[in-house]
Protein chains: 4
Amino acid sequence: MMTDPGTGPRPAAMLALGRAVLAQQPFSTMLGAELTAFDGSIVELTIPIRADLLQQNGFARGGVLSYAADNALTFAGGLTFGSAVLTSEFKINYVRPARGVAIIARATLVYGGRRQAVCRADIFTRDDAGAEVLVAVAQGTIAAIVTS
Amino acid sequence: MMTDPGTGPRPAAMLALGRAVLAQQPFSTMLGAELTAFDGSIVELTIPIRADLLQQNGFARGGVLSYAADNALTFAGGLTFGSAVLTSEFKINYVRPARGVAIIARATLVYGGRRQAVCRADIFTRDDAGAEVLVAVAQGTIAAIVTS
Amino acid sequence: MMTDPGTGPRPAAMLALGRAVLAQQPFSTMLGAELTAFDGSIVELTIPIRADLLQQNGFARGGVLSYAADNALTFAGGLTFGSAVLTSEFKINYVRPARGVAIIARATLVYGGRRQAVCRADIFTRDDAGAEVLVAVAQGTIAAIVTS
Amino acid sequence: MMTDPGTGPRPAAMLALGRAVLAQQPFSTMLGAELTAFDGSIVELTIPIRADLLQQNGFARGGVLSYAADNALTFAGGLTFGSAVLTSEFKINYVRPARGVAIIARATLVYGGRRQAVCRADIFTRDDAGAEVLVAVAQGTIAAIVTS
């Protein structure tokens with residue numbers, strides 16, 4: 001799957017599949033999360049920042065960033081297996097306050113095995129001029145759900 | 001602060017303060033998160049499981065669990081400093097599917113320094129008979145926000 | 001295996017097995033690591049602090065602590081499967097400088113599944129009077145090595 | 001410091017400084033660790049694989065990889081502050097067995113603040129033909145040691 005990054009019908013088909021999965025997740029829908037790009041190696045998840053995603057100081061909550069990281073990692077892993085997956089574990093470092101109009105999480109596969117994938121994600125905020133700032137970095141394990 | 005666990009006015013006052021902070025977080029309010037207990041060493045955060053917190057397979061989303069872990073860790077760290085804090089980083093392992101009527105995150109301080117605290121959290125689900133099952137474990141760093 | 005903690009021949013037999021495994025690890029032998037206790041739920045690994053385990057400031061290197069954490073987590077997971085295991089991933093927070101005469105890592109199983117276990121470890125140093133201080137905490141995933 | 005990557009005297013001077021620091025670490029010396037490159041943004045630490053770094057199955061121990069990751073992260077963070085640093089915490093995912101003639105850890109700065117840096121590391125093994133394979137990935141926080 002990763003042999004043909006950025007070209008051909010595969011990334012577009014995968015992106016469509018990912019969007020169908022995301023649309024079935026009430027929590028993702030509630031957050032307004034969208035899969036906005038997939039070029040064959042990087043999955044991009046975008047969440048518009050709304051008033052109800054903020055914490056008391058006006059920044060987007062860490063919980064929203066960790067959701068974005070977790071879900072982007074999951075989709076990056078899902079590309080490896082082309083099947084149902086779940087996040088086994090992940091770690092996130094918050095590096096800057098998250099202010100702006102949107103949160104963008106970009107995740108890539110670092111290693112894909114038979115049953116597990118290790119992925120990394122960079123989480124940015126975008127301001128209304130389109131400039132991006134790195135706000136968090138994450139790393140985690142995605143497991144294929146084996147149904148037998 | 002940790003010298004008088006479980007007794008006296010301090011835990012109750014801290015719990016009230018924590019609830020006031022939580023009430024100012026739109027994201028927490030949207031999720032229905034509540035601080036349900038603090039005995040001087042363990043902070044308990046509870047989130048009723050609603051339809052919009054689920055993922056496509058009917059389990060509560062990892063993102064809800066990681067929010068619960070993150071926020072419980074933050075409150076556990078906040079008790080150390082008695083001031084504004086934020087989560088610097090954390091790691092979570094999901095161990096079982098999260099089904100039931102509520103998510104309960106219990107966090108404790110492992111180490112409290114001058115500027116940083118290290119905390120752990122156990123995240124459970126509770127079924128309608130009140131039985132709890134461990135669904136995730138987390139560990140992270142909470143930093144005091146220094147305003148000078 | 002965890003049904004009879006602290007009693008019966010099982011913990012003693014497991015400890016003997018663990019020691020045989022450790023004796024086959026040249027790196028562990030070089031470090032002087034020993035399995036010093038197993039009561040059915042907590043595995044204890046001890047490393048005497050020698051001059052060549054120090055860093056330039058006279059404290060034991062983080063690398064020694066992370067080795068201790070990693071290996072104690074692995075043994076705690078190994079008790080679940082009773083077979084060959086390896087550490088898939090772990091996270092460690094260093095909380096205090098490691099000075100004293102020995103490093104002691106105590107690990108426990110948090111969750112044991114069919115193929116994976118999640119464990120936690122507390123790492124202490126012991127001074128020459130026998131007093132212990134917590135210096136690091138860890139959490140990680142141990143996988144059973146499936147040979148088929 | 002990161003404004004002039006790969007050119008000028010700065011990287012060479014930093015590399016020399018890093019080597020002096022490493023030479024003062026008995027544990028690093030025992031392991032045979034060497035700082036083999038620094039181009040202004042990537043720090044490279046190399047450890048020849050010797051018999052006493054192996055575990056019972058003939059692969060290099062996870063503990064050696066985590067040492068390599070930890071130390072490479074520390075050096076990458078040290079470049080931010082140009083002063084004494086220590087690893088606050090890190091996380092490592094092992095992705096493949098570590099066999100070959102050397103372990104190479106390459107770390108970069110992801111974010112550098114006033115007191116803390118977040119870094120990532122990729123850990124490879126090199127075989128006797130010079131081919132490299134990714135065996136682990138890590139992410140962690142490096143803190144400046146403030147002496148006041």
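Novice: Just checking my understanding: could you explain the packing of helix α3 (residues 62-81) of chain C against helix α3 (residues 62-81) of chain D for this structure?
Specialist: Angle between the axes and distance between the axes are the two parameters that describe a pair of packed helices. Running from N to C, α3(C) and α3(D) cross one another at 140 degrees; their axes reach a closest spacing of 8 Å. Relative to α3(D), the element α3(C) lies oblique. In this structure, α3(C) crosses over α3(D), and the sense of that crossing is right-handed. Judged by residue contacts, Gly62(C), Gly63(C), Ser66(C), Tyr67(C), Asp70(C) and Asn71(C) of α3(C) engage Gly62(D), Gly63(D), Ser66(D), Tyr67(D), Asp70(D) and Asn71(D) from α3(D). Looking at the contact of α3(C) with α3(D) residue by residue, the classes come out as two nonpolar, eight polar and two charged.

Novice: What am I meant to see in the interface of chain A and chain C here?
Specialist: Interfaces are often described in size by the accessible area the parts lose on coming together. Chain A puts four residues into the contact, and the matching count from chain C is four residues. No other element matches the three residues that strand β3 (residues 85-94) of chain A contributes to the side of chain A that touches chain C. Per-class residue counts for the side of chain A that touches chain C are no nonpolar, two polar and two charged.

Novice: Teacher, can you tell me more about the confidence of the model for chain A here?
Specialist: A low pLDDT score tells you not to read the predicted coordinates there in detail. Residues and elements named next belong to chain A. Overall, the predicted model of chain A reaches an average pLDDT of 88, with 92% of residues at or above 70. Within chain A, the lowest mean pLDDT, 86, falls on helix α1 (residues 9-23), and the highest, 97, falls on strand β5 (residues 116-126). Segment residues 1-8 is flagged for pLDDT under 50; beyond a separation of four residues in sequence, or across chains, it makes 15 contacts in the model. Both confidence scores are given for the complex: pTM 0.92, ipTM 0.90.

Novice: Before we go on, may I ask you to explain the interface of chain B and chain A in this structure?
Specialist: Contacts between chain B and chain A engage 28 residues on the former and 28 residues on the latter. Split by residue class, the side of chain B that touches chain A holds twelve nonpolar, eleven polar and five charged. Inspection of the sheet shows β3(A) paired to strand β3 (residues 85-94) of chain B by five bridges, in the antiparallel sense. The residue of β3(B) that forms the bridge with Glu89(A) is Asn93(B).

Novice: So what exactly am I meant to see when it comes to the sheet that holds β5(A) here?
Specialist: Backbone-to-backbone hydrogen bonds pair the strands of a sheet. The strands run either parallel or antiparallel. Read across the open sheet, the twelve strands follow the order β1(A)-β2(A)-β4(A)-β5(A)-β6(A)-β3(A)-β3(B)-β6(B)-β5(B)-β4(B)-β2(B)-β1(B); overall the sheet is antiparallel. For this open sheet the edge positions go to β1 (34-38) of chain A together with β1 (34-38) of chain B, each flanked by a neighbour on one side alone. The mean angle between the axes of side-by-side strands here comes to 25 degrees, regardless of whether they run parallel or antiparallel. Here β1(A) pairs with strand β2 (residues 42-48) of chain A via four bridges, running antiparallel. Note that in β2(A) the partner of Ala37(A) across the bridge is Glu44(A). Seen against the sheet, helix α3 (residues 62-81) of chain A touches β1, β2, β3, β4 (102-112), β5 and β6 (132-144) of chain A together with β3 of chain B and runs at an angle of roughly 40 degrees to β4(A). Contacts between helix α3 (residues 62-81) of chain B and the sheet are confined to β3 of chain A together with β1, β2 (42-48), β3, β4 (102-112), β5 (116-126) and β6 (132-144) of chain B, with β4(B) contributing the most and set at about 40 degrees to the helix.

Novice: Can you walk me through the relation of the copies chain B and chain A in this structure?
Specialist: Mapping one chain copy onto the other needs a rotation about an axis and a shift along that axis. With an axial shift of 0.0 Å and an RMSD of 0.0 Å, the rotation relating chain B to chain A amounts to 180 degrees. Seen this way, the second copy is the image of the first under a two-fold rotation axis. Relative to the rotation axis, the C-alpha of Lys91(B) is the closest in chain B, positioned 2.0 Å from it. Most of the interface of chain B is mirrored in chain A, where 100% of its interface residues are also at the interface.

Novice: I'm lost on the relation of the copies chain A and chain C in this one. Help?
Specialist: For the match of chain A to chain C, the screw axis carries a shift of 0.0 Å, the RMSD comes to 0.0 Å, and the turn is 180 degrees. Looking at the interface residues of chain A, 100% of them are also at the interface in chain C, so both copies use one shared face.

Novice: I'm lost on the pairing of β5(A) in this one. Help?
Specialist: Side chains on a regular strand alternate between the two faces of the sheet. Residue and element names in this part refer to chain A. Of all eleven residues that make up β5, nine are buried, and the element is covered over most of its length. Bridge analysis of β4 against β5 gives ten bridges, and the strand direction is antiparallel. Note that in β5 the partner of Thr108 across the bridge is Arg120. The antiparallel pairing of β4 with β5 creates a hairpin that spans three residues between the two strands. Inspection of the sheet shows β5 paired to β6 by eleven bridges, in the antiparallel sense. When the bridges of β6 are listed, Phe124 appears paired with Leu134.

The rules we used
- Residues numbered from 1 in each chain as written.
- Chains lettered and ligands numbered in written order.
- Predicted model: local features only at pLDDT ≥ 70, side-chain atom pairs only at ≥ 80, totals over all residues.
- Axes fitted to C-alpha atoms, helices over the stretch in contact; angles between N-to-C directions.
- Helix = DSSP H or I, 4+ residues; strand = E, 2+ residues; numbered from the N terminus.
- Parallel < 35°, antiparallel > 145°, perpendicular 65-115°, else oblique.
- Left-handed = near helix turned anticlockwise from the far one by under 90°.
- Contact = placed C-beta atoms within 7 Å.
- Nonpolar A, V, L, I, M, F, W, Y, C, P; charged D, E, K, R; others polar.
- pLDDT = per-residue confidence, 0-100.
- Pairing = 2+ DSSP bridges.
- Least-squares fit on C-alpha atoms with pLDDT ≥ 70 in both.
- Buried ≥ 20, exposed ≤ 12 C-beta atoms within 10 Å, placed from the backbone.

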